[in-house]
Amino acid sequence: MTRNPGTPGQARSRAKAADPGPPYEVLWHPAADTERAAVSDAAERTAIQHAREKLEVLGPRLGSPHSSAIRGEDGSGLRELRPRAGRSRWRPIYRQINPGTFVILAIAPEALIDKRGFDQKVRSARQRFEGLEPATPDHKSDNKLAIIIVRSKETA
């Protein structure tokens, strides 16, 4: 039996109904936050923060040149923020985890500058995403990442 998805207009209406609108919550995976802090150039760290703020305001409507889908099998479902409209050498890799929340999973070098480094960070982002699980109701934390529990492969 084939499921009838309805008309394209109905699909857009359902998507709009699920979208809570701005501001969106943009969380840092702890490893990505460490990678961000390790960026030595203060201007680049500021540009990364400004790109994150654009994602908070625009959410899934943030488009080119500020955001782009990552190509390839490892990048399926992942997107990159493009600080300074793509003129930064850094790319925060992120994914939407529910209608109102995004999580930045890694900070990658720009692919044209360091393709191998970019690909490695995309794989890291994929692994980090796969390690996210919904928080349980009894999980209490002052950390903004309280909505997710990051479980490493060693403890799984």
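Check the entry above for the structure.
None of these values were measured; they are calculated from a predicted model. (Residues numbered from 1 in each chain as written. Predicted model: local features only at pLDDT ≥ 70, side-chain atom pairs only at ≥ 80, totals over all residues. Heavy atoms only, no water.)

**As for the overall build of the protein**
And then number 1: Of regular secondary structure, the protein possesses four helices and seven strands.
And then number 2: Walking the protein from its N terminus toward its C terminus, one meets helices and strands in the order α-β-α-α-β-β-β-β-α-β-β.
And then number 3: Going through the 156 residues of the protein one by one, you find that 34% of them count as buried.
And then number 4: Of the contacts made within the protein by residues no fewer than 6 positions apart, 50% connect residues no fewer than 24 positions apart.
And then number 5: With an accessible surface of roughly 9,500 Å², the protein has 52% of that area assigned to carbon and sulfur atoms. (Helix = DSSP H or I, 4+ residues; strand = E, 2+ residues; numbered from the N terminus. Buried < 20%, exposed > 50% of the residue type's maximum accessible area, 1.4 Å probe, protein only. Contact = heavy atoms within 4.5 Å. Areas by Shrake-Rupley, 256 points an atom, 1.4 Å probe, with all protein chains shown as cover.)

**Things to note about the nonpolar core**
Among soluble globular proteins, nonpolar side chains are generally buried collectively.
And then number 1: L55, L81, I104 and I107 are the most contacted members of the largest nonpolar core, which totals 15 residues.
And then number 2: Looking at this core, the elements that each hand over two or more residues are β1 (25-28), α3 (42-58), β4 (90-98) and β5 (101-109).
And then number 3: In this view, I104 contacts V26, L27, W28, H29, A32, R52, L81, P92, I93 and Y94; residues no more than four positions away in its chain are not counted. (Core = buried A, V, L, I, M, F, W, Y, C linked by side-chain atoms within 4.5 Å.)

**What to know about the sheet that holds β1**
And then number 1: Pairing is mixed across the open sheet formed by five strands, whose spatial order is β1-β5-β4-β3-β2. This sheet does not close on itself; its edge strands, each paired only once, are β1 and β2 (67-69). Averaged over all pairs of adjacent strands, the angle between their axes in this sheet comes to 35 degrees, without regard to strand direction.
And then number 2: In this structure, β2 lies alongside strand β3 (residues 79-81), joined through three bridges in antiparallel fashion. Looking across to β3, one finds that A69 is bridged to R79.
And then number 3: Sheet strands in contact with helix α2 (residues 30-38) are β1 and β5, and its direction is about 45 degrees off that of β5.
And then number 4: In the packing of α3 onto the sheet, contacts are made with β1, β3, β4 and β5, and the angle to β1 comes to roughly 140 degrees. (Pairing = 2+ DSSP bridges. Axes fitted to C-alpha atoms, helices over the stretch in contact; angles between N-to-C directions.)

**Re the pattern of salt bridges**
And then number 1: Counting across every chain of the model gives ten salt bridges.
And then number 2: For R52, the salt bridge is made with E56, and the minimal N-O distance between the two is 3.0 Å. In this pair, R52 and E56 are both assigned in helix α3, four residues apart and thus about one turn of the helix distant.
And then number 3: The partner of D119 in a salt bridge is K115, and the shortest N-O contact between them spans 3.0 Å. Within this pair, D119 and its partner K115 are both found in helix α4 (residues 115-130), separated by four residues, close to a single helical turn.
And then number 4: Through salt bridges with shared partners, a single ionic network connects E80, R82, R91 and E110. (Salt bridge = Lys/Arg side-chain N within 4 Å of Asp/Glu carboxyl O.)

**Some words on α4**
And then number 1: Between its terminal C-alpha atoms α4 stretches 23 Å, which fits the 22 Å expected from 16 residues at 1.5 Å a residue.
And then number 2: Within α4, the full set of buried residues consists of G117, F118, K121, V122, S124, A125, R126 and R128. (Expected span 1.5 Å × (residues − 1).)

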